[in-house]
Every structure is written in structure tokens, then in C-alpha cells.
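Structural characterization, general
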Amino acid sequence: MQENQFIPKSYSNSIEKGSFTWSSPSNIALVKYWGKKKDQIPENPSISFTLNNCKTITKLSFSKKESTDHFAFDVFLDDEKKDDFKPKIETFFKRIETYLPFLKGFYFKIETSNTFPHSSGIASSASGMSALALCLMSIEKELSGNIILDEVFYQKASFLARLGSGSACRSLEGDLIVWGNHKNIEGSSNLFGVKYPYQVHENFKNYQDTILLVDKGEKQVSSTVGHNLMHNHPFAQERFKQASANLNKLIPILKTGDMDGFIALVESEALTLHAMMMTSMPYFILMKPNTLEIINKIWSFRQNTGSKICFTLDAGANVHVLYPENESDKIVEFIKNELVVFCQKGEYIKDKIGFGAQLL
Ligand code: DP6
């Protein structure tokens, strides 16, 4: 598959105006994407759980406009006009214009809201960009006389979402998504996310993710800046190889339900991601003291009880606590009794593995 296969030939329909609303999930990576080449091509493959409750809901209204020489749009978050979101969307539109040549022909009103608190430190770029990409694809589908197959629709939506934010291309379908070429994962691509194509053991069905909100503030270093610091990073090449090897190791772990193998791999990936940040130049630390308090508590709980609880981190201080469904009651108790004290205002979000975006 090549980029130019996503350029449409021509449209059979013309539309004056309309609107589409999509709800799109967030995702949490098990093997992390950290480092990219030109045009949002990842340096290594990654895999994520699609989440169920953390979502962005975006309504895209559109009406035909006279001039076709510029992009015209407004963005609203929870009904409030957000001009500071515009540059990111303008950049996104510029990147995808070749693949959606109708973009300059319409005025767009983008109305968006998140099911999780905006200032929760949870990145909304994955769910936000995938929801917007899906809305735009719904317009393309209508312009094409509704003849686009679902598979092609999702593939192109993921391709477009990637150009908005890399991890967004893993935020359309459920429940385990791979992004990035991997020789042992059939169909995997640097251009879009694909459903993990192999057997997944019952142990991982309905896997739980409780997100402990350690720091709800804005991050000091954005992911985009962090990715760029992987250029000329002294450990970059080894890290990219390790991520590929870890994805390879995950295949039998997922197949056989090897929980201890899963825990070791996922926690090591999380700490390696943060180790890359700490060894960048300039170096930075996104974990907070309470992140480490929680990690230590999880380790002692696991040692004392034999639980299969583990953690992962994204590019921030919050901790994702991962556990099998059959341990839910006991782990929720543990979180309430021992971990909530380390969360900002005692807040956490209970989530689990989910099945993807929905047209509303
Ligand atoms: C640490 O997808 O947010 O969450 O492509 O620059 O928008 P951009 O970065 P982004 O990076 C996410 C990094 C991560 C790991 C992951 O989700 O794989």
C-alpha cells in the first residue's frame, strides 16, 4: 500500500451541506511509539488496547462555500469557541488536503467534547483526531455515492488520523491495534493501524484499565517535541529494535495468556519510554513523585497477593493500572484503599478495553 492509493480519482455526487457525528475512543499503548520520521512515519511498530469509556465526540457540520483557495473552519470545545485549537487543525488539513481534495470547498464547524475531563492530563489528540478523520471520511463517502467499503473507509480514516497525530491511527477500531510495519504481523503498515490479526487468549478479554490522575495539568513537554528528541538520541536505534522485538514477544504471550510475560513486557515498555525522555538532550522527566509511589505500591501488592495487576504510562505522570476482569473487585478495593491518595483530588477513571468508534 502506497500513500498515493489514498488519493481519490473523482467524486460522483455533489453536496451543499450536512453534518456527521462520530464518537471515537482513546487508546493505551502496550508497546510504545516514540520516535518518528517525516510525514508521521513511526520509527518502530506499536500496539495498543482501544479504550471504552474515554472518548471524544465530534460533530462536523459543513456547507459549501464560494472560494476554494483557503481552509475555513471554527472549532468549539463544550460549546466554547477555541481559536487556540485552530493551528493544529490547519496543519492537519494541510497534510491531508491531497487525500481529501474537497476540503477547501466547504466551511466546517467542528464541535467537540470529551467524556473525560479536559484537564485530566489524558491526551485527547488520539480520540480527537480520529473522530475528526472519521467525520471527514463520512463526507467523502457521501461524495462518492456511498460506495466505499467499510474496510477501505476505516483504513483511509486511520491513514488520515495518523497525519493528525500518530497514535490517533490506533483509535478507530477495537480492541487491539497494531501500527507500523512488522515482519511477523500480517497486514501491518506504517501508514495506518490494523486490527491485531492473531489469536488472543481469554485472559485478555475485557481487560481493565483504571487511569489514576496523578497530575491533571498541561504537560511541560509535548509528545511532538519528545518524538523529535529521538533524532540523534544515543539509544534510539537500540530502542527501535527493542520495540520490534517486544512486539514479536507479545504474539505468543497474547496467544497463550501468559500473564507474567505480559506484565514484564508492558511495565518494561512503560519505563523504557520514560527512560528515553530522561536520556534525551535536553532531558526531561514527566513522572511525578506520586507516579513512583503508585508503581511501588503496585509492585508490593503483586508480590504479596499474587495478583496479575500491572501498570503502564503514556507521555505524562498518570498511571494506567491494567488487570484482568476476574480481579476487578479486589483491585478496585486496593485502588480505593491505597492508590487514590496519590491522585490529584483523589480522581481516577475506570475504563476497559473497547470496541471502537461509532457513527452517532
Ligand atoms: C507516549 O501520537 O501523541 O503515547 O504523533 O506527535 O501527535 P504525535 O504524538 P502522539 O504520541 C504518543 C506517544 C505515546 C506512546 C503511544 O501512544 O504509542
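Residues numbered from 1 in each chain as written. Predicted model: local features only at pLDDT ≥ 70, side-chain atom pairs only at ≥ 80, totals over all residues. Heavy atoms only, no water.

1. What to know about the packing of helix α5 (residues 236–256) against helix α6 (residues 259–278)
It is the contact of α5 with α6, at a shortest axis distance of 10 Å, that shows an interaxial angle of 165 degrees. Comparing their axes, α6 and α5 come out roughly antiparallel. Regarding α5 and α6, the two cross each other, and that crossing is left-handed. Contacts between α5 and α6 involve Arg239, Gln242, Ala243, Asn246, Lys249, Leu250 and Ile253 on the former and, on the latter, Gly261, Phe262, Leu265, Ser268, Glu269, Thr272 and Met276. (Axes fitted to C-alpha atoms, helices over the stretch in contact; angles between N-to-C directions. Helix = DSSP H or I, 4+ residues; strand = E, 2+ residues; numbered from the N terminus. Parallel < 35°, antiparallel > 145°, perpendicular 65-115°, else oblique. Left-handed = near helix turned anticlockwise from the far one by under 90°. Contact = heavy atoms within 4.5 Å.)

2. Re the side chain of His233
By the secondary structure assignment, His233 is in the loop between α4 (223–228) and α5. Residues within four places of His233 in sequence aside, it is in contact with Met276, Thr279 and Ser280.

3. Thoughts on the site of the ligand
By nearness alone, 16 residues border the ligand, and Tyr33, Lys36, Ser165, Gly166 and Ser167 come closest of all. Here an oxygen atom of the ligand sits 2.7 Å away from a polar atom, N or O, in the side chain of Ser167. Across the complex, the protein chains shield 92% of the 460 Å² of accessible surface that the ligand would expose by itself. No other element matches the 3 residues that α4 contributes to the shell around the ligand. Taken together, the residues that form the shell around the ligand break down as 5 nonpolar, 8 polar and 3 charged. Mapped onto the domain boundaries, the shell around the ligand takes at least three residues apiece from domain 1 (3–197) and domain 2 (202–352). (Near = heavy atom within 4 Å. Polar contact = N/O pair within 3.5 Å; in protein donor to acceptor, adjacent residues only side chain to side chain. Areas by Shrake-Rupley, 256 points an atom, 1.4 Å probe, with all protein chains shown as cover. Nonpolar A, V, L, I, M, F, W, Y, C, P; charged D, E, K, R; others polar. Domains from an automatic or database assignment.)

4. Description of unusual backbone geometry
Note the cis peptide between Gly174 and Asp175, where omega equals -20 degrees. On the secondary structure map, Asp175 appears in the loop between α3 (150–164) and β8 (176–179). Going from Met281 to Pro282, the amide bond is cis rather than trans, its omega being 0 degrees. Inspection of the secondary structure puts Pro282 in the loop between α6 and α7 (289–305). One non-glycine residue, Gln40, lies in positive phi territory at about 60 degrees. Within the secondary structure, Gln40 sits in the loop between β2 (36–37) and β3 (41–42). One non-glycine residue, Asp79, adopts positive backbone phi at about 70 degrees. Turning to its location among the elements, Asp79 is positioned in the loop between β5 (72–77) and β6 (80–81). On the basis of relative accessibility, which here comes to 70%, the residue Asp79 falls in the exposed class. (Buried < 20%, exposed > 50% of the residue type's maximum accessible area, 1.4 Å probe, protein only.)

5. Some words on the nonpolar core
Counting 77 residues, the largest nonpolar core has Ile47, Phe93, Phe108, Leu136 and Phe262 as its most contacted members. Residue contributions to this core peak at 10 residues, all from helix α2 (residues 125–143). When residues of this core are sorted by domain, at least three fall in each of domain 1 (3–197) and domain 2 (202–352). Of all hydrophobic cores here, the second largest spans 23 residues; its members include Phe311, Leu313, Ile331 and Leu339. (Core = buried A, V, L, I, M, F, W, Y, C linked by side-chain atoms within 4.5 Å.)

6. Quick look at the sheet that holds strand β10 (residues 208–212)
The strand order across the open sheet formed by 4 strands is β11-β12-β10-β13, and the pairing between neighbours is antiparallel. In this open sheet, the two edge strands, each paired with only one partner strand, are β11 (310–313) and β13 (348–352). Along the sheet, successive strands turn relative to each other by an average axial angle of 25 degrees, direction set aside. Where β10 lies against β13, 5 bridges are found, and the strand directions are antiparallel. By the bridge assignment for β13, Ile211 is matched with Ile349. Against the sheet, α7 contacts β10, β11 and β12 (319–323), and its axis sits at roughly 155 degrees relative to β11. Contacts from helix α8 (residues 328–339) reach β10, β12 and β13 within the one sheet, and its direction differs from that of β12 by about 150 degrees. (Pairing = 2+ DSSP bridges.)

7. Focus: α3
Here α3 contains 15 residues, and its C-alpha end-to-end distance of 21 Å stays within 8% of the 21 Å for a straight helix at 1.5 Å per residue. With 11 of 15 residues buried, α3 is to be regarded as a mostly interior element. Taken residue by residue, α3 has Phe153, Tyr154, Lys156, Ala157, Ser158, Phe159, Leu160, Ala161, Arg162, Leu163 and Gly164 as its buried positions. At its buried positions, α3 is contacted by β1 (17–31), β3, α1 (86–96), α2, β8 and β9 (193–195). (Expected span 1.5 Å × (residues − 1).)

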